[in-house]
Amino acid sequence: MDGRAQKPHQLANFASKKVVSDTLQRRTTERGECTENVCNGSMMNIRRVGSAPRSVSEVLAQAKPFLDEYYASIKGCGSPEHLARWREVEMGIKARGTYHLTTQELEYGAKLAWRNAPRCIGRIQWTRLQLFDARDVVTPQDMFDALCRHIEYATNDGNIRSTITVFPERRFGKRDFRVWNQQLISYAGYENPDGSVTGDPAYVKFTQMCEDMGWRGSRGRFDVLPLVLSAAIGDPQWFQIPDELVLRVSLQHPQYEWFKELGLEWFALPAVSSMLFDCGGVEFPAAPFNGWYMSSEIACRDLCDTQRYNILQLVAEMMDLDTGSNITLWKDKVALEINTAVLHSFQEAKVTLVDHHTAAKSFIQFMENEHRQRGGCPADWVWIVPPISSSLTPVFHQEMSLYYLKPAYEYQEPAWLTHARQTKALLGKDDDAHRIKRIFRKVIIGVLFASTLNRSVLIRRIRVTILYATETGKSQLYAHYLSDVFKKNFNPNVLCMADYEVNRTNLASEALLLVLASTTGAGEPPQNGMKFIQNLYNIKGKDDTTTPDDQKLTFWQHYNYNKECIGSGASEEGNILEKKSQPQHKGWRNSISKFLPKLRRRWNDGRDYGSPSPVDTGPALGVKFAVFALGSSNYKHFCAFGKYADLLIQEAGGHRILPLTCGDDLDNQEQTFHTWAAQVFKTAVETFHVQDSESDAMISLENLTPDMVKFSPARNSQSVVEGLSNIHGKKIQTLRVVESKILHEEGNRWSQMLVVGADEGKVIQYQPGDHVGILPANSPGMVVFLLSRLRGCPNVDEPVQVLLQRRHKAAGESWYQHPRLPVVSIRTMLSRYLDITTPPTPALLRLLATYATNNRHASRLKQLATDPEQYSNWRSSHSSHLLEVLEEFKIVEVEATMLLMFLPFLQPRYYSISSSPRLEPGHIHLTIAGLRYRSRGGSGPVHQGVATGFLKELTPGSNVELFHSSAPRFHLPKDLTVPVMLVGAGSGIAPFRGFWQHYYDIRTQQKVPAGATGEMTLFFGCRSHDEDLYADEKWDMMRLGALTRTHLALSRDPQIPKSYVQDLLLVYGREVSRHLLDEDGHIYICGSQNMADGVQDILRLILQNHGHLSQEKAVTFLSQLKEENRYHEDVFGIRVHK
């Protein structure tokens, strides 16, 4: 065949009896590889592009249709912008032989190339490819830095993200930028003297080449090869990928214990790096991309192929199979068990993977979509059909038509051959070219891919998309738990909101959307939820055709308005520290009361924002959804982001299957979430009419009885770091205490500076303004007391695992390990993992009622457990922890297994870092404020925070477990010449200490000119001079030029009038107004929610009085500051039950 478009083929599906006509093939101008007499469809890499640059006419011929297609995709085909762009491109090609694609054009082309890839089974996710534009790199080192970023972003702790990095295009008179590896991550193969191979035989020659270049591996079975990179100038170089960037999965089998003793592993990220990206006539020889693995790629091809690791015989012997005859089908049995092991291991490691049945079903869905949208779908049947259970998958029975479209990912000749050829052309000397070729004389690598493009998660049964947005990681943890709940009946896919492309097409394609949304302290969206919610708002804005554009609210105006309307916190319990210290300014309250009606008129949808309706009507997109909002009622705008997301999804056409549910961090958020998860799962089962089978992840406390839980002795105990990491989904590390210093202590209040450090020589990565999450320990005395009240306990210092009973209707009973409780001693469990200091939940009170020895006490406990109003009043007035409840209600003994099941996990406490890594590269400084108080209005027992009490007792040499939490919206400006203004009270000075240390290092240690950093002005409030934290250091920083000015407000000093930071801002109102309006300055606010609200009120008044803005414009300007990331808040709520 000559490759020209033929009469459309009729493609039959022999299973469904459907027939479709492929008309898309008419658009191809690419030659196929088959002839009239010979079919070459099973040839591996017969189709390769050359290494010579294209002619001007060839580039023009491909650029025009690509730009037409791009502008058609954005509904701009034939527009003035389209025509002007084509003229620009045409002139560039004629002048230079090529042109520069915009980032938007490049991203569209990369996605379209994936969509067009005939050998890829996972194209249904083509719109979700993330582009990294690296066309500005110059050296191999630059390339390596970009690839490290690619690997880190794409790996994403196992939640793999489809990613492509594009390096500079092919140019006349220059050598290509190339990645010499077939994949970014692969294992070395070492040839032994007897001819055997240690490692991956597919990479023996490439390993030899790396060794010739100076690299040395450890000659193990799973040594990661270095990256070999070449740029337009210079020689190729090798770079070792840092170990921490390579996520590995140890392989084990769910039934065969001996399987893990085989010592097998595989890497999580499959990233093809040797293909050329062809887009709009421009060729990019270096454009590595990744999806994620299909299980059979690892299990069948990488581990079982005879030319690869070839473990079939080994595993068969371990399974005691008869391998003497093919009739026993021993190879099939082994292959199936290896696939089972790979799927199980990746699932246990929480690494994205898809099985071949799911992949095949989803490809059929993709093919149907493509025929409906484009009239066809190029597909290579030989590559699409999985290597195992082929005829059991639907793709086996589907006819496919193979042809090629542009943009595309193309095979090309090996990098070393192109490098030698292009070097010869540049040198013009055959001898030099031969010398270069001799360097690579051993290099002949057969390019054998298990897959050209990596597989994406595909639809099995009903697809459930689970989105999360988080600053601390809790929503992400809950999202993966929810995925475990749904995976037996649905096909769940967990995505960070930042990775979800929000448009009507994607929303309409979702069967069920489940959202877990955290709210930051100031009521703001998390950083990784910002793009999602803004795009969702834009959809609503486009639907509004009645409001003139100049009257439409910006995103931040609309968000802040809704935050005021629907984000209010729960009713206050007890007193909030410093509440009385906040001055009230009625002027602002009056101005906002006048402004809000204008906002309502400009966005009048008639909705009752106070109580979201469980039943909605809207544009007919059909997506069903439910939202779980996470927050803390300590803060004024409780769960504001989750409530706003719930509103906008409904406005975009969603239909709730459950009302919005809010989980309060102060009121057993985890149990609220578990209850919601069970409800949303049950509702989904009923809504989509699927068979109900309860997941192991779902633990119903209501139906739990003592005979359903038991302890089982364990040989080894999990380390604290491993156990805490599994529970919190964080990279926990242990640091040692270097210094603990009480900065001030008076009565029941104290301030402490704690310095923790890593091992000598290690650098801790963070930025000023970031946080750490501290994992505290419960008081040893409280743990001892509680242990004395437990019954049914084995040795409390021996490791145990908690087992739960699974009851099957047909198969009877079996036991499985609790999905989250660690394998440790009971003492350790109560000390480090479970929360025994917060008031017991209603569910726990209900349990304790069964152990009460007095009928009156039992009746009271049941009443508290069943009456929400009485429980809330009791919790607020008593604030009793578990031990006090046991004492008050005379409960002598509680079943240990049951109590562990009902206790919530001990949550991390977050503290701002008060140091700079420039001055303290191996240390982290923390500033901690502590308080002791008597509960029950001052007549109850003494209470203190579990973390502050734990940290106060630490001494140098002690260990503390923590994790780093980035706060990107509280970082210093990238342009350090911009002036900054810092406003804080009490321990709110913590992050600002890191700021001035940062500036100090830049101005003094780095010896930069005085103008290298802008002015830094501090407004700080505290009770008295004695509580002016870091007073001497502040004066030193002013003397050394790091701090420009400091202003101090004292609220409890008997010698001077009472004042607060808000008062200081008013006094210096002209300076503040100039800073914000004229100097484009940034303002940072750190302290309690009440203080932050008061500062915001004052700033509006200052803008009115000194900036001469109207009330409405002052509100709008502050919203604009947030939108421009010039208004930064780090807000904490402090509530004390007295």
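Residues numbered from 1 in each chain as written. Predicted model: local features only at pLDDT ≥ 70, side-chain atom pairs only at ≥ 80, totals over all residues. Heavy atoms only, no water.

A. Seen up close, the sheet that holds strand S3 (residues 48–49). Ordered by their spatial adjacency, four strands build an open sheet running S3-S17-S14-S15, and the pairing between neighbours is mixed. Whereas interior strands pair on both sides, the edge strands pair on one side only; in this sheet they are S3 and strand S15 (282–284). Along the sheet, helix H3 (residues 103–116) contacts strand S14 (276–279), S15 and strand S17 (408–412); its crossing angle with S14, the most-contacted strand, is approximately 115°. (Pairing = 2+ DSSP bridges. Helix = DSSP H or I, 4+ residues; strand = E, 2+ residues; numbered from the N terminus. Contact = heavy atoms within 4.5 Å. Axes fitted to C-alpha atoms, helices over the stretch in contact; angles between N-to-C directions.)

B. Up close: the packing of aromatic side chains. Tallied over the entire structure, the rule returns 43 aromatic pairs. On the numbers, 6.1 Å between centres and 35° between planes, the contact of Phe-673 with Trp-676 is tilted. Of this pair, Phe-673 and Trp-676 both sit in helix H19 (residues 669–688), separated by three residues, roughly a single helical turn. The two residues Phe-673 and Trp-676 agree in class, both being buried. When the centroid spacing of 6.0 Å and the interplanar angle of 40° are considered together, the rings of Tyr-871 and Trp-874 count as tilted. Taken together, the residues span about one helical turn, with Tyr-871 and Trp-874 both in helix H25 (residues 868–878) at a distance of three residues. Exposure class is identical for Tyr-871 and Trp-874. Each is buried. Members of the aromatic cluster, joined through ring pairs, are Tyr-187, Phe-222, Trp-266, Phe-267, Tyr-293 and Tyr-309. Lying over the aromatic face of Phe-132, Arg-149 brings its terminal NZ or CZ to 4.3 Å of the ring centre. We note Arg-161 situated over the ring of Tyr-153; from NZ or CZ to the ring centre the distance is 3.7 Å. (Phe/Tyr/Trp six-rings, centres within 6.5 Å; stacked < 30°, edge-to-face > 60°. Buried < 20%, exposed > 50% of the residue type's maximum accessible area, 1.4 Å probe, protein only. Lys NZ or Arg CZ within 6 Å of the ring centre and 35° of its normal.)

C. Highlighting the nonpolar core. Ranked by internal contacts, the top residues of the largest apolar core, which has 58 residues, are Phe-167, Ile-185, Phe-259, Trp-266, Leu-303, Val-315 and Ile-338. Contributions of two or more residues to this core are made by helix H4 (140–155), strand S9 (227–230), strand S12 (265–267), helix H6 (295–302), helix H7 (312–318) and helix H8 (330–348). Those residues in contact with Leu-303, other than ones at most four positions away along the chain, are Leu-251, Trp-266, Ile-298, Tyr-309, Asn-310, Ile-311, Ile-338 and Val-342. If you look at the next biggest cluster of nonpolar residues, it comprises 57 residues, including Leu-701, Leu-775, Val-783 and Leu-848. (Core = buried A, V, L, I, M, F, W, Y, C linked by side-chain atoms within 4.5 Å.)

D. Examining the sheet that holds strand S39 (residues 1016–1022) more closely. Taken in spatial order, the five strands of this open sheet run S40-S39-S38-S41-S42, and their pairing is parallel. Strands with a single pairing partner mark the edges of an open sheet, and in this sheet they are strand S40 (1045–1050) and strand S42 (1127–1132). When the angles between neighbouring strand axes are averaged without regard to direction, this sheet yields 10°. Pairing geometry for strand S38 (residues 980–985) and strand S41 (residues 1082–1088), over five bridges, is parallel. In the sheet register, Val-980 faces S41, and the bridge partner there is His-1082. Packing against the sheet, helix H32 (residues 1069–1077) makes contact with S38, S39, S40 and S41, and its axis sits at approximately 125° to S38.

E. Summary view of a nonpolar patch on the surface. Nonpolar side chains collect at one region of the surface, where Trp-381, Val-382 and Phe-396 lie side by side and expose about 250 Å² of accessible area between them. Of note, Trp-381 is situated in helix H10 (residues 381–384). (Patch = residues over 30% accessible without salt bridge, like charges linked within 9 Å, V, L, I, M, F, W, Y side chains within 5 Å. Areas by Shrake-Rupley, 256 points an atom, 1.4 Å probe, with all protein chains shown as cover. Salt bridge = Lys/Arg side-chain N within 4 Å of Asp/Glu carboxyl O.)

F. Structural context of the side chain of His-558. With respect to the element layout, His-558 can be found in helix H16 (residues 555–566). Accessibility expressed as a relative area gives 1% for His-558, which makes it buried. In terms of polar contacts, His-558 uses its side chain to reach the side chain of Tyr-644, at 2.7 Å. (Polar contact = N/O pair within 3.5 Å; in protein donor to acceptor, adjacent residues only side chain to side chain.)

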